[in-house]
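For reference, the chains in residue letters:
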Amino acid sequence: MKCMVTGGAGFIGSHIVDRLIADGNKVVVYDNFSTGREFFIKHHLNDKNFRLVNADLKEVEVLNKEMKGVEFVYHLAGHADVRSGFRDHFIDHEQNLEMTQNVLEVMYKNDVKNIMFASSSSVYGDANIHPTPEDYPFEPTSLYGATKAACESYIRTYASYYDMRSFIFRFVSFTGARYTHGIVMDVLKKLKNNSKELELFSDGTPRKSSLDVKDGVEAIFKVINKSNDQFNVFNIGHDEITTIDHVVDWIIEAGGYKNVQKNWLGKKSNWKGDNEFVLLQNTKLKALGWKPTLTIEEGIKSTAKYIMENILTAND
Ligand SMILES: NC(=O)c1ccc[n+]([C@@H]2O[C@H](COP(=O)([O-])OP(=O)(O)OC[C@H]3O[C@@H](n4cnc5c(N)ncnc54)[C@H](O)[C@@H]3O)[C@@H](O)[C@H]2O)c1
């Protein structure tokens, strides 16, 4: 199959690319490198089944040209920083919703019939059912979550208008190789600058689930390969949940730091839009025979080691 991966040079997208190429597909990576990195995909650059397009999704003429002959779009490109929407009220709208409509419109014009979309547990906001099932209503507390919910609705509508198949996946936080943003990165950067004292958001009590990216990608392809439905919505998470305090301890340990003073700056969550309890129900996914291979602790520690060896630079 000829596939397009938007955001294919990013953290999660590059793992999707690896899997598609390994399965013998032709892959077009469409990425503007705003947060993506060439070294995540450079091992494919000489592959005849691989094509890299360095362009923005707002360049619809380029997108339209590159969409010719594509049969399946994996839409990963987006603004993945949940926190910034509180200060910048338009970035999620532009980068998540408008760019998703660009993708859908160009798919429609080129008669592309399959889309996979990277949604998020943020669509549920501060859900009061745990683990949260897929039929829990949209109650986002961030513009990021709000636009992900809107993107899902746009995808559902285009899919219904034009007989497309849609695969919507609501991820918890992913960890693992090529991780570039999120708590593990933030804590390691701070420790690099001050290995004795660490200032931290919240009071350490918020509880979150997370999942290794390779387990997440395996779940995505399990669903795509097994489902015969036109509209598919699946949570992708872990059955485990842990406190932020534990996560920070694991990062400190994996980073080789000792006797670090943790200064918790807030009560519960202290940034607007954060959700203090994130645990998704995975019953639908597990019915297809999927289960995670790494614990949350293993995932966090291996991510910290990966970042120390590959991502942190002298300037961080
Ligand atoms: N990382 C997570 O834990 C997580 C959790 C839930 C959902 N998601 C979603 O999964 C997707 C991928 O996340 P990620 O963590 O890999 O982020 P990422 O920032 O590493 O990847 C996003 C990629 O999209 C590219 N991109 C962004 N805007 C673009 C544009 N306008 N045109 C072309 N390319 C563009 C970036 O350069 C980057 O390569 C995002 O949509 C994110 O919201 C991620």
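Rules behind the numbers
Residues numbered from 1 in each chain as written. Predicted model: local features only at pLDDT ≥ 70, side-chain atom pairs only at ≥ 80, totals over all residues. Heavy atoms only, no water. Core = buried A, V, L, I, M, F, W, Y, C linked by side-chain atoms within 4.5 Å. Buried < 20%, exposed > 50% of the residue type's maximum accessible area, 1.4 Å probe, protein only. Domains from an automatic or database assignment. Contact = heavy atoms within 4.5 Å. Helix = DSSP H or I, 4+ residues; strand = E, 2+ residues; numbered from the N terminus. Salt bridge = Lys/Arg side-chain N within 4 Å of Asp/Glu carboxyl O. Pairing = 2+ DSSP bridges. Axes fitted to C-alpha atoms, helices over the stretch in contact; angles between N-to-C directions. Buried area = accessible area lost by both parts, 1.4 Å probe. Polar contact = N/O pair within 3.5 Å; in protein donor to acceptor, adjacent residues only side chain to side chain.

Quick notes on the nonpolar core
Core analysis: the biggest nonpolar cluster contains 68 residues, and Tyr74, Met116 and Phe169 have the highest contact counts within it. Residue assignment places this core across two domains, with domain 1 (2-174 + 211-236) and domain 2 (175-209 + 240-279 + 294-310) each supplying three or more. Setting aside its immediate chain neighbours within four residues, Phe169 contacts Met116, Phe117, Ala118, Ser119, Ser120, Ile220, Val223, Ile224, Phe234 and Ile236. Val70, Val73, Val112 and Tyr158 belong to the second largest nonpolar core, which has 26 residues in total.

A few points about the environment of Pro137
Position of Pro137 relative to the elements: it lies in the loop between β5 (114-120) and α4 (143-162). Sequence-wise, Pro137 and Val123 are 14 residues apart; in three dimensions their C-alpha atoms are separated by 8.3 Å. Not counting residues up to four positions away in its chain, the partners in contact with Pro137 are Val123 and Tyr124.

Considering the pattern of salt bridges
Taken as a whole and judged by the stated rule, the model has 16 salt bridges. Residue Asp111 pairs with Lys113 through a salt bridge whose shortest N-O separation is 3.2 Å. For Lys113, a relative accessible area of 31% gives the class partly exposed. For Asp316, the salt bridge goes to Lys189, with nearest N and O atoms at 4.0 Å. Taken together, the residues span a long stretch of sequence, with Asp316 in the segment after α9 (296-310) and Lys189 in helix α5 (residues 183-193) at a distance of 127 residues. Residue Lys189 is classed as partly exposed on the basis of its relative accessible area, which comes to 32%.

Regarding the sheet that holds β5
Pairing in this open sheet of 7 strands is parallel, and the strands run β3-β2-β1-β4-β5-β6-β11 from one edge to the other. Of all strands in the sheet, those with a lone pairing partner are β3 (50-54) and β11 (231-236), marking the two edges. Ignoring which end each strand starts from, the neighbouring axes of this sheet average 15° apart. Here 7 bridges tie β5 to strand β6 (residues 165-171), and the two strands are oriented parallel to one another. Each bridged residue has a counterpart across the sheet, and for Phe117 the counterpart in β6 is Ile168. Together, β1 (2-6), β2 (26-31), β3, β4 (72-75) and β6 form the strand contacts of helix α1 (residues 11-22), whose direction differs from that of β1 by roughly 170°. Packing of α4 onto the sheet brings it into contact with β5, β6 and β11, and relative to β5 it is tilted by some 160°.

Section: the domain arrangement of the protein chain
Each domain of the protein chain was delimited in the assignment, giving domain 1 (2-174 + 211-236) and domain 2 (175-209 + 240-279 + 294-310). Between the C-alpha centres of domain 1 and domain 2 the distance comes to 26 Å. In this assembly, 28 residues from domain 1 lie in contact with 22 residues from domain 2. Both sides of the domain 1 and domain 2 interface together cover about 2200 Å² of buried area, and 53% of this is carbon and sulfur.

Focus on the sheet that holds strand β12 (residues 242-243)
Spatially, 3 strands are ordered β12-β9-β14 in an open sheet, and the strand pairing comes out mixed. Looking at which strands have only one partner, the edges of the open sheet turn out to be β12 and β14 (277-278). Pairing between strand β9 (residues 207-208) and β12: 2 bridges, direction antiparallel. Counterpart to Lys208 in the pairing with β12 is Thr242.

Re the side chain of Ser209
On the secondary structure map, Ser209 appears in the loop between β9 and β10 (210-212). Residue Ser209 is classed as buried on the basis of its relative accessible area of 3%. From its side chain, Ser209 meets the backbone oxygen of Glu240 in a polar contact 2.7 Å long. Among residues more than four places away in sequence, those in contact with Ser209 are Val172, Ser173, His238, Glu240, Ile241, Val278, Leu279 and Ile296.

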